[in-house]
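Structural features, examined
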Amino acid sequence: MEHAIVFGASGGIGAALADHLAERYDVTRLSRRHDGLDVTDETSVAYLVGRLDRPVEIVFVATGLLAPEGHTPEKSLDAVEAAAMAQTFAVNAIGPALILRHIAPKLSETARVGVLTARVGSIGDNRMGGWYSYRAAKAAANQIVHGAAIEIGRKRKRAVVVALHPGTVDTPFTEGYAASKVAAPEAAANLVRVLTALTPEQTGGFFDYAGRPVEW
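Keep in mind that this is a model prediction, so the values were computed, not measured.

Attention now moves to the nonpolar core. Within the largest apolar cluster, 32 residues are counted, with the highest numbers of intra-cluster contacts made by Phe7, Val59 and Ile103. Mapped by element, the contributors of at least two residues to this core are β1 (3–7), α3 (42–50), β3 (56–61), α4 (82–103), β4 (107–116), α5 (132–155) and β5 (160–165). Not counting residues up to four positions away in its chain, the partners in contact with Phe7 are Leu30, Leu37, Val49, Val59, Phe60, Val61, Ala62, Thr63, Ile99 and Ile103. Judged by nonpolar contacts, the second largest core, of 28 residues, contains Ala9, Val160, Val182 and Ala187.

Set out below in C-alpha coordinates:
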(Lines give C-alpha, C1' and ligand atoms only; values in the text may rest on other atoms or scores of the structure.)
Protein backbone atom coordinates (compact mmCIF):
# COMPACT_ATOMS: atom_id res chain seq x y z
CA MET A 1 0.00 0.00 0.00
CA GLU A 2 1.10 3.56 -0.64
CA HIS A 3 2.16 5.55 2.41
CA ALA A 4 0.20 8.50 3.84
CA ILE A 5 0.97 10.63 6.87
CA VAL A 6 -1.27 12.91 8.91
CA PHE A 7 0.25 15.52 11.19
CA GLY A 8 -2.22 16.38 13.94
CA ALA A 9 -3.87 12.98 13.76
CA SER A 10 -5.42 13.23 17.23
CA GLY A 11 -7.49 16.32 16.40
CA GLY A 12 -11.02 16.26 15.07
CA ILE A 13 -10.17 16.72 11.40
CA GLY A 14 -6.82 14.96 11.65
CA ALA A 15 -8.30 11.80 13.15
CA ALA A 16 -11.04 11.74 10.51
CA LEU A 17 -8.46 12.20 7.75
CA ALA A 18 -6.33 9.35 9.09
CA ASP A 19 -9.34 7.05 9.35
CA HIS A 20 -10.51 7.89 5.84
CA LEU A 21 -7.04 7.44 4.33
CA ALA A 22 -6.63 4.09 6.10
CA GLU A 23 -9.20 2.62 3.72
CA ARG A 24 -6.66 2.94 0.90
CA TYR A 25 -3.24 3.82 2.36
CA ASP A 26 -0.82 2.68 5.02
CA VAL A 27 -1.21 5.63 7.39
CA THR A 28 1.31 7.08 9.83
CA ARG A 29 -0.43 9.17 12.48
CA LEU A 30 1.64 11.85 14.18
CA SER A 31 0.37 14.10 16.95
CA ARG A 32 1.18 15.33 20.40
CA ARG A 33 -1.03 12.60 21.83
CA HIS A 34 0.36 9.75 19.70
CA ASP A 35 4.07 10.59 19.58
CA GLY A 36 4.68 13.77 21.52
CA LEU A 37 4.81 15.80 18.31
CA ASP A 38 5.44 19.47 19.00
CA VAL A 39 5.27 21.42 15.74
CA THR A 40 6.89 24.43 17.40
CA ASP A 41 10.00 22.38 18.25
CA GLU A 42 12.17 21.56 15.25
CA THR A 43 13.93 18.76 17.11
CA SER A 44 10.59 17.02 17.64
CA VAL A 45 9.56 17.41 14.00
CA ALA A 46 12.95 16.32 12.66
CA TYR A 47 13.08 13.24 14.87
CA LEU A 48 9.60 11.96 14.05
CA VAL A 49 9.86 12.63 10.31
CA GLY A 50 13.37 11.17 10.29
CA ARG A 51 11.99 7.81 11.40
CA LEU A 52 10.01 7.44 8.16
CA ASP A 53 11.72 4.75 6.11
CA ARG A 54 9.91 4.92 2.77
CA PRO A 55 8.52 7.53 0.40
CA VAL A 56 5.30 9.29 1.32
CA GLU A 57 2.52 9.67 -1.24
CA ILE A 58 -0.07 11.65 0.74
CA VAL A 59 0.60 14.25 3.45
CA PHE A 60 -1.95 16.21 5.43
CA VAL A 61 -0.87 18.88 7.89
CA ALA A 62 -3.90 19.21 10.17
CA THR A 63 -2.27 20.98 13.09
CA GLY A 64 -3.59 24.33 14.24
CA LEU A 65 -4.42 26.70 17.06
CA LEU A 66 -7.39 29.06 17.08
CA ALA A 67 -6.05 30.95 20.10
CA PRO A 68 -3.80 30.11 23.06
CA GLU A 69 -5.37 28.82 26.25
CA GLY A 70 -7.14 31.62 28.07
CA HIS A 71 -7.52 33.69 24.90
CA THR A 72 -10.04 34.00 22.08
CA PRO A 73 -9.57 35.44 18.57
CA GLU A 74 -9.26 39.21 18.88
CA LYS A 75 -12.32 41.28 18.05
CA SER A 76 -10.36 44.54 18.04
CA LEU A 77 -6.81 45.87 17.94
CA ASP A 78 -7.06 46.59 21.66
CA ALA A 79 -7.13 42.84 22.28
CA VAL A 80 -3.87 42.08 20.45
CA GLU A 81 -1.19 40.70 22.79
CA ALA A 82 2.34 39.98 21.63
CA ALA A 83 2.81 36.67 23.45
CA ALA A 84 -0.53 35.24 22.32
CA MET A 85 0.11 36.35 18.74
CA ALA A 86 3.57 34.78 18.79
CA GLN A 87 2.17 31.45 20.01
CA THR A 88 -0.53 31.52 17.33
CA PHE A 89 2.12 32.09 14.66
CA ALA A 90 4.36 29.39 16.11
CA VAL A 91 1.67 26.73 15.73
CA ASN A 92 -0.14 27.90 12.58
CA ALA A 93 2.73 29.19 10.43
CA ILE A 94 6.13 28.15 11.76
CA GLY A 95 4.91 24.63 12.52
CA PRO A 96 3.83 23.87 8.94
CA ALA A 97 7.08 25.41 7.67
CA LEU A 98 9.11 23.02 9.83
CA ILE A 99 7.00 20.07 8.72
CA LEU A 100 7.42 20.98 5.04
CA ARG A 101 11.17 21.41 5.51
CA HIS A 102 11.64 17.94 6.95
CA ILE A 103 9.01 16.04 4.95
CA ALA A 104 10.17 17.34 1.55
CA PRO A 105 13.01 14.79 1.14
CA LYS A 106 10.61 11.98 2.05
CA LEU A 107 8.06 12.72 -0.67
CA SER A 108 7.44 10.41 -3.60
CA GLU A 109 7.69 11.76 -7.15
CA THR A 110 3.89 12.09 -7.33
CA ALA A 111 3.25 13.15 -3.74
CA ARG A 112 0.20 15.15 -2.72
CA VAL A 113 0.63 17.52 0.23
CA GLY A 114 -2.32 19.39 1.74
CA VAL A 115 -1.76 21.95 4.49
CA LEU A 116 -4.99 22.92 6.24
CA THR A 117 -5.16 26.68 6.56
CA ALA A 118 -8.44 28.65 6.51
CA ARG A 119 -10.45 30.99 4.34
CA VAL A 120 -10.09 33.65 7.05
CA GLY A 121 -6.42 33.71 6.09
CA SER A 122 -7.39 35.18 2.73
CA ILE A 123 -6.52 38.87 2.59
CA GLY A 124 -8.80 39.45 -0.39
CA ASP A 125 -11.74 37.79 1.34
CA ASN A 126 -11.36 39.69 4.63
CA ARG A 127 -14.37 41.98 4.84
CA MET A 128 -15.03 41.66 8.58
CA GLY A 129 -11.73 42.52 10.23
CA GLY A 130 -10.79 41.13 13.64
CA TRP A 131 -9.19 37.77 14.44
CA TYR A 132 -5.81 39.44 13.86
CA SER A 133 -3.48 36.70 15.06
CA TYR A 134 -5.31 33.77 13.50
CA ARG A 135 -5.94 35.52 10.17
CA ALA A 136 -2.35 36.70 9.90
CA ALA A 137 -0.88 33.34 10.88
CA LYS A 138 -2.99 31.52 8.30
CA ALA A 139 -2.06 34.09 5.65
CA ALA A 140 1.58 33.44 6.51
CA ALA A 141 1.00 29.70 6.24
CA ASN A 142 -0.49 30.19 2.78
CA GLN A 143 2.65 32.03 1.67
CA ILE A 144 4.85 29.29 3.11
CA VAL A 145 2.88 26.62 1.25
CA HIS A 146 3.08 28.54 -2.01
CA GLY A 147 6.84 28.95 -1.69
CA ALA A 148 7.34 25.32 -0.72
CA ALA A 149 5.32 24.18 -3.74
CA ILE A 150 7.67 26.08 -6.04
CA GLU A 151 10.78 24.61 -4.44
CA ILE A 152 9.48 21.05 -4.19
CA GLY A 153 8.22 21.24 -7.76
CA ARG A 154 11.73 21.82 -9.08
CA LYS A 155 12.73 18.28 -8.08
CA ARG A 156 9.34 16.58 -8.16
CA LYS A 157 7.53 17.99 -11.16
CA ARG A 158 4.50 15.75 -10.69
CA ALA A 159 4.01 16.62 -7.03
CA VAL A 160 1.17 18.80 -5.69
CA VAL A 161 1.56 21.02 -2.62
CA VAL A 162 -1.44 23.17 -1.71
CA ALA A 163 -3.22 25.06 1.05
CA LEU A 164 -6.70 23.74 1.82
CA HIS A 165 -9.71 25.34 3.49
CA PRO A 166 -11.71 22.52 5.13
CA GLY A 167 -14.83 24.56 5.87
CA THR A 168 -16.22 24.87 9.37
CA VAL A 169 -15.97 21.38 10.80
CA ASP A 170 -17.84 20.18 13.87
CA THR A 171 -14.92 19.55 16.26
CA PRO A 172 -13.83 20.84 19.67
CA PHE A 173 -11.76 23.38 17.72
CA THR A 174 -14.95 25.17 16.59
CA GLU A 175 -17.00 24.58 19.74
CA GLY A 176 -18.81 27.72 20.81
CA TYR A 177 -18.77 29.36 17.38
CA ALA A 178 -22.12 29.74 15.67
CA ALA A 179 -21.78 28.57 12.09
CA SER A 180 -23.06 25.92 9.76
CA LYS A 181 -20.76 22.97 10.39
CA VAL A 182 -19.96 19.76 8.58
CA ALA A 183 -19.19 16.48 10.35
CA ALA A 184 -15.50 15.58 10.52
CA PRO A 185 -15.78 12.35 8.45
CA GLU A 186 -17.52 14.24 5.64
CA ALA A 187 -14.93 17.01 5.77
CA ALA A 188 -12.14 14.44 5.59
CA ALA A 189 -13.68 12.75 2.57
CA ASN A 190 -14.00 16.13 0.86
CA LEU A 191 -10.38 17.06 1.52
CA VAL A 192 -8.98 13.72 0.35
CA ARG A 193 -11.07 13.90 -2.80
CA VAL A 194 -9.86 17.41 -3.58
CA LEU A 195 -6.20 16.74 -2.87
CA THR A 196 -6.03 13.55 -4.92
CA ALA A 197 -7.83 15.17 -7.87
CA LEU A 198 -5.55 18.20 -8.19
CA THR A 199 -2.96 18.26 -10.96
CA PRO A 200 0.68 19.40 -10.90
CA GLU A 201 -0.41 22.51 -12.79
CA GLN A 202 -2.42 23.50 -9.71
CA THR A 203 0.40 23.11 -7.22
CA GLY A 204 0.97 26.09 -4.96
CA GLY A 205 -2.71 27.04 -4.96
CA PHE A 206 -5.29 27.63 -2.26
CA PHE A 207 -8.46 25.54 -2.56
CA ASP A 208 -11.58 24.93 -0.52
CA TYR A 209 -13.25 21.65 0.39
CA ALA A 210 -15.10 21.57 -2.95
CA GLY A 211 -11.95 22.11 -5.00
CA ARG A 212 -12.73 25.77 -5.73
CA PRO A 213 -9.81 28.23 -5.72
CA VAL A 214 -9.75 30.67 -2.80
CA GLU A 215 -8.36 34.15 -3.40
CA TRP A 216 -5.19 35.08 -1.59
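Strand order across the open sheet formed by six strands is β2-β1-β3-β4-β5-β8, with parallel pairing between neighbours. If you trace the sheet from one side to the other, it starts and ends with β2 (26–30) and β8 (206–208), each paired once. Neighbour-to-neighbour, the strand axes of the sheet open up by a mean angle of 20°, direction not taken into account. Here β4 runs beside β5; their pairing, made up of five bridges, is parallel. Across the sheet, residue Leu116 finds its bridge partner in β5, namely Leu164. Against the sheet, helix α6 (residues 184–197) touches β3, β4, β5 and β8, its axis set at about 130° to β3.

Thresholds, definitions, all that
- The numbers attached to residues start from 1 for each chain and follow its sequence in the written order.
- The predicted nature of this model means local features are confined to residues of pLDDT at least 70 and side-chain atom pairs, given and counted, to a pLDDT of 80 or more, with totals for whole chains, interfaces and linings taken over all residues.
- Based on all heavy atoms of the structure, the side-chain values leave hydrogens and waters out of the count.
- For the purposes of this section, nonpolar cores are sets of buried Ala, Val, Leu, Ile, Met, Phe, Trp, Tyr and Cys residues that join through side-chain atoms within 4.5 Å.
- The cut-offs for exposure are 20% and 50% of the maximum accessible area for each residue type, with area from a 1.4 Å probe on protein chains only; residues under the lower value are buried, those over the upper are exposed, and the others partly exposed.
- Each helix corresponds to a stretch of at least 4 residues labelled H or I by DSSP, and each strand to a stretch of at least 2 residues labelled E; elements are numbered beginning at the N terminus.
- Only heavy atoms enter the contact rule, under which two residues are in contact if any of them lie within 4.5 Å.
- Whether two strands pair comes down to DSSP finding at least two bridges between them.
- Working convention: axes come from line fits to C-alpha atoms, limited for helices to the stretch in contact. Angles between N-to-C directions cover 0 to 180 degrees.

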